[in-house]
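Each chain, letter by letter, is given below.
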Amino acid sequence: MTDDIRALTARLADEPGSLAFLELAEALRRRGQTDAAYKVARGGLARYPGLADAHDLLARVLSDQGELAGAFDAWSSALQLDPMRTSALKGIAFLYFRAGDKAAALEHLQRALEVDPDDLSIRQAVVRIGSEARPHPPATAPSGDPPPPAPVARGLEAEPVSPRTSPIFGGLEGGDGGLLLVDANGLRLGGRLETPEGHDAGDRVAAQLAGVSREAARATRLLGLGSWHAIAIESPDGHLVLAQPTPETVLLAAREPSLPMGGVTLLAERAARAARLWLETS
Amino acid sequence: MRALEPWVVQPLENFLAESAARLTLLMTSSGQVVAQHGFSRSLDVMTAAALGAGIVASTEELARLMGGARFEALVHNGQRQSCMLGAFATPRGRWIGLVVFGPETSVGIVRLFFDQLVQQLAAAAPREPTPAPPMLAENFETELNASLKALFGR
Amino acid sequence: MTPATQAALDRVTRVAGVRGALVVAASDGLVVAEQLMDGVDGQAAAALTGSLVGRLARTAESAGMRPPAFLHLRGDAGGVLAAPGPDDLVLVAVVGPDANLGLARLEMIEAAGRLG
């Protein structure tokens with residue numbers, strides 16, 4: 001163990017609540033000790049869930065470990081906390097580049113360049129990728145608010161962005177099919193849902209979901225079960241999972257029964273994160 | 001929603017929000033209306049209050065004849081809407097609640113939050129009630145009209 | 001209480017982490033039978049679960065699916081499981097955060113089919 005790691009380890013042991021975990025995990029990561037770095041970063045993040053540095057650090061560790069979907073989520077969290085964080089923008093751009101989505105990579109690098117125009121590495125990356133990127137419609141965002149990064153499915157086999165893809169769920173496995181974001185009044189905010197016969201059921205289902213969040217919250221509260229997280233519905237014809245991106249919205253994920261409920265739950269969680277990001281930045 | 005006494009308002013609003021009741025009437029056991037929600041005509045309020053108080057009185061007498069405790073609630077299930085009558089004790093004496101509800105809610109939900117309403121009314125009732133002046137015949141119609149005006153916001 | 005109802009409640013309450021089980025008339029939200037630990041409000045569980053099951057069944061129907069066979073409402077400190085049976089009856093379990101959900105689910109789906 002090197003001297004700096006020893007010293008940082010001792011400091012963290014003496015003061016478990018200190019921010020020394022940031023330096024220690026970074027030092028371990030640079031030495032290739034990614035498992036140890038992960039443990040330190042995770043522990044620090046648990047104490048400081050609102051610290052963008054901690055999410056950024058975790059993302060770098062996960063990226064080194066090859067956990068690219070986890071890295072994406074962590075950098076997304078860092079951006080939620082700090083929309084001008086160039087390291088997170090660069091990190092996400094890197095992930096898109098690795099996945100072959102040069103257009104999305106370029107978009108994020110350009111945002112990073114707007115924040116830090118003097119960063120030479122960003123300029124060089126923009127030049128290099130810009131010459132390779134496919135035509136991509138410019139992201140429209142309210143001035144001063146960065147547009148959200150499009151979420152990418154695990155495995156990072158990102159689909160090219162197309163006009164038909166929902167801006168909320170674009171990039172998730174299966175696109176926005178079988179995903180529905182609904183407001184408290186039962187109006188669809190995004191996504192699409194079809195019956196097994198292929199008919200559009202999005203608006204009808206959205207109407208049924210009006211007030212479901214309030215009702216679920218009431219049930220868990222009055223039964224002493226805390227706040228509600230999710231509702232899983234098993235039908236012979238499919239699995240549905242409801243999640244709550246924000247107190248005013250509900251997300252529904254629907255899949256065929258061949259996908260285990262655990263998989264649908266995971267998809268719903270990822271889609272809820274994407275929806276939350278879209279709601280916060282749109 | 002209208003109430004003659006302000007401390008009834010919040011508990012009743014909570015009940016209406018949770019139960020999705022279509023019509024609600026709170027009255028004393030003698031049929032004097034305390035609060036109402038959903039009625040559009042004063043005649044309907046007076047009629048419902050009189051009938052509701054009468055039904056509860058008959059049912060309590062029936063329970064007494066049967067030698068059992070008072071019934072907690074009566075529920076009449078209809079095709080399009082249902083009705084629940086429940087009598088309960090308050091610091092202001094025995095009151096009756098009449099609740100009309102449709103298929104958008106259920107008797108279980110209505111009863112659950114009716115019980116909560118009863119608890120909240122007991123907690124919200126002022127400690128020392130203002131003694132009511134003696135009711136004289138010539139005052140009765142004036143008092144009734146004043147109550148109806150308050151209940152319908154006119 | 002019918003033997004099938006009693007058997008259903010016994011099977012479910014034997015599962016680790018189950019705080020109580022009840023059979024509910026879903027449309028009315030009323031308790032048909034119950035077996036509950038202290039602190040579990042059966043009246044509230046019946047009313048609230050009955051209402052939610054109805055709403056979620058309509059959601060599945062509007063998505064072109066057959067009625068649900070199992071539902072799980074997950075909260076911070078536990079959850080509610082529901083397995084609809086025949087004749088508008090629903091078998092409901094209130095569970096703690098560390099309940100054996102897999103076993104509870106299997107027991108409930110099988111037991112719910114024998115209610116009524």
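Residues numbered from 1 in each chain as written. Chains lettered and ligands numbered in written order. Predicted model: local features only at pLDDT ≥ 70, side-chain atom pairs only at ≥ 80, totals over all residues.

1. What about the overall build of chain C?
Check the secondary structure of chain C and you find three helices and five strands. Starting at the N terminus and walking to the C terminus, you meet the elements of chain C as α-β-β-α-β-β-β-α. Scored against the burial criterion, the 116 residues of chain C give a buried share of 55%. Long-range contacts, defined here as pairs at least 24 residues apart, represent 54% of the contacts in chain C between residues at least 6 apart. (Helix = DSSP H or I, 4+ residues; strand = E, 2+ residues; numbered from the N terminus. Buried ≥ 20, exposed ≤ 12 C-beta atoms within 10 Å, placed from the backbone. Contact = placed C-beta atoms within 7 Å.)

2. Considering the overall build of chain B
Counting its regular elements, chain B contains four helices and six strands. In chain B, the succession of α and β elements from N to C terminus is β-α-β-β-α-β-β-β-α-α. Taking all 154 residues of chain B together, the buried fraction comes to 33%. Summarising the internal contacts of chain B: among those between residues at least 6 apart in sequence, 58% fall at separations of at least 24.

3. Here's the deal with the sheet that holds strand β3 (residues 33–37) of chain B
Residues and elements named next belong to chain B. Strand order across the open sheet formed by six strands is β1-β3-β2-β6-β5-β4, with antiparallel pairing between neighbours. Each of the sheet's edge strands pairs with one partner strand only, and the pair in question is β1 (2–3) and β4 (73–76). The strands touched by helix α1 (residues 9–19) within the sheet are β1, β2 (23–28), β3 and β6 (93–101), with β3 carrying the most contacts at an inclination of about 35 degrees. With respect to the sheet, helix α3 (residues 107–124) is in contact with β4, β5 (82–90) and β6, its orientation differing from that of β5 by roughly 25 degrees. (Pairing = 2+ DSSP bridges. Axes fitted to C-alpha atoms, helices over the stretch in contact; angles between N-to-C directions.)

4. Focus: the interface of chain A and chain C
In this complex, chain A contributes 35 residues to the contact, which on the side of chain C involves 32 residues. Mapped by element, the contributors of at least two residues to the side of chain A that touches chain C are α9 (202–208), α10 (212–222), β3 (228–235) and β4 (238–243) of chain A. Tallying contributions element by element places β3 of chain A first for the side of chain A that touches chain C, with eight residues. Partitioned by chemical class, the residues of the side of chain A that touches chain C number 19 nonpolar, 10 polar and six charged. (Nonpolar A, V, L, I, M, F, W, Y, C, P; charged D, E, K, R; others polar.)

5. Details of the interface of chain C and chain B
Each side of the interface is counted separately: chain C has 10 residues, and chain B has five residues. Ranked by residue count, the leading element in the side of chain C that touches chain B is helix α2 (residues 42–62) of chain C, at six residues. Here the side of chain C that touches chain B is built from residues that sort into four nonpolar, five polar and one charged.

6. Overview of helix α11 (residues 261–281) of chain A
A rise of 1.5 Å per residue sets the reference length of α11 of chain A, with its 21 residues, at 30 Å; its end C-alpha atoms lie 30 Å apart and thus fit the reference within 8%. Among all positions in α11 of chain A, only V264, L267, A268, R270, A271, A272, A274, A275, R276, L277 and W278 of chain A are buried. (Expected span 1.5 Å × (residues − 1).)

7. A few points about the packing of helix α6 (residues 86–99) of chain A against helix α7 (residues 102–115) of chain A
Residues and elements named next belong to chain A. Where α6 contacts α7, the axes come no closer than 7 Å and their chain directions differ by 165 degrees. Classified by the angle between their axes, α6 and α7 sit roughly antiparallel to one another. At the point where α6 passes α7, the crossing takes the left-handed sense. From α6, T86, L89, K90, I92, A93, Y96 and F97 reach across to α7, where they touch K102, A104, A105, H108, L109, R111, A112 and V115. For the contact of α6 with α7, a count of residues per class yields 10 nonpolar, two polar and three charged. (Parallel < 35°, antiparallel > 145°, perpendicular 65-115°, else oblique. Left-handed = near helix turned anticlockwise from the far one by under 90°.)

8. Let's talk about the pairing of strand β2 (residues 188–192) of chain A
All names here are of chain A. By the bridge criterion, four bridges tie strand β1 (residues 179–183) to β2 in an arrangement that is antiparallel. Considered in β2, the bridge of L179 is made with R192. The turn joining β1 and β2, which pair antiparallel and follow one another in sequence, is formed by four residues; a positive phi near 80 degrees is taken by G186.

9. Structural notes on the environment of V33 of chain B
Tracing the sequence through the fold places V33 of chain B in strand β3. With 29 residues separating them along the chain, V33 of chain B and L4 of chain B place their C-alpha atoms 8.2 Å apart.

10. A short note on the pairing of β3 of chain A
Of all eight residues that make up β3 of chain A, seven are buried, and the element is covered over most of its length. Two strands pair when backbone bridges link them, and β3 of chain A and strand β3 (residues 70–75) of chain C are joined in this way by six bridges, in the antiparallel orientation. Looking across to β3 of chain C, one finds that A232 of chain A is bridged to H72 of chain C. Between β3 of chain A and β4 of chain A, which pair antiparallel and follow one another directly, the connecting turn spans two residues.

11. Observations regarding unusual backbone geometry
Residue and element names in this part refer to chain C. The phi angle at D87 is positive, at roughly 55 degrees, despite the residue not being glycine. Its location among the elements puts D87 in the loop between β4 (78–84) and β5 (89–95). At D88, a residue that is not glycine, the phi angle is positive and equals roughly 65 degrees. Its location among the elements puts D88 in the loop between β4 and β5. D88 sits in the partly exposed class, given 16 other C-beta atoms within 10 Å.

12. Here's the deal with the sheet that holds strand β5 (residues 249–255) of chain A
Pairing between the strands of a sheet comes from backbone hydrogen bonds, and it takes one of two forms, parallel or antiparallel. The strand order β2(A)-β1(A)-β5(A)-β4(A)-β3(A)-β3(C)-β4(C)-β5(C)-β1(C)-β2(C) describes an open sheet built from 10 strands, whose pairing is antiparallel. Pairing within the sheet leaves two strands with one partner each, and these edge strands are β2 of chain A together with β2 (30–36) of chain C. Along the sheet, successive strands turn relative to each other by an average axial angle of 15 degrees, direction set aside. Two strands pair when backbone bridges link them, and strand β1 (residues 18–25) of chain C and β2 of chain C are joined in this way by six bridges, in the antiparallel orientation. For V23 of chain C, the partnering residue across the bridge sits in β2 of chain C and is A33 of chain C.

13. Brief notes about the nonpolar core
Of all hydrophobic cores here, the largest spans 117 residues; its most connected members are L251, L252 and A271 of chain A together with V12 and L91 of chain C. With 10 residues, the top contributor of residues to this core is α2 of chain C. The contact partners of V12 of chain C, leaving out residues within four places of it in the chain, are V18, A21, L91, A93, A104, E107, M108 and A111 of chain C. Counting 40 residues, the second-largest nonpolar core is a separate cluster that includes Y38, V61, A105 and L106 of chain A. (Core = buried A, V, L, I, M, F, W, Y, C linked by C-beta atoms within 7 Å.)

14. Remarks on the confidence of the model for chain C
Residues of chain C with pLDDT of at least 70 account for 100%, and the chain-wide mean is 94. Predicted complex metrics record ipTM = 0.95 and pTM = 0.65. (pLDDT = per-residue confidence, 0-100.)

15. Regarding helix α1 (residues 3–13) of chain C
Listed in full, the buried residues belonging to α1 of chain C are T5, A8, L9, R11 and V12 of chain C. All buried residues of α1 of chain C project into a common sector of 165 degrees when viewed along the axis, lining one side. (Arc of directions from axis to C-beta.)

16. Observations regarding the packing of helix α3 (residues 34–47) of chain A against helix α4 (residues 52–65) of chain A
Residues and elements named next belong to chain A. It is at 9 Å that the axes of α3 and α4 come closest, and there the two elements cross at 155 degrees. Overall, the two elements α3 and α4 adopt an arrangement that is roughly antiparallel. Note that α3 runs across α4; the crossing there is left-handed. Contacts between α3 and α4 involve T34, A37, Y38, A41, R42, G44 and L45 from the former and A54, H55, L57, L58, V61, D64 and Q65 from the latter. Class assignment of the residues belonging to the contact of α3 with α4 gives a composition of eight nonpolar, four polar and two charged.

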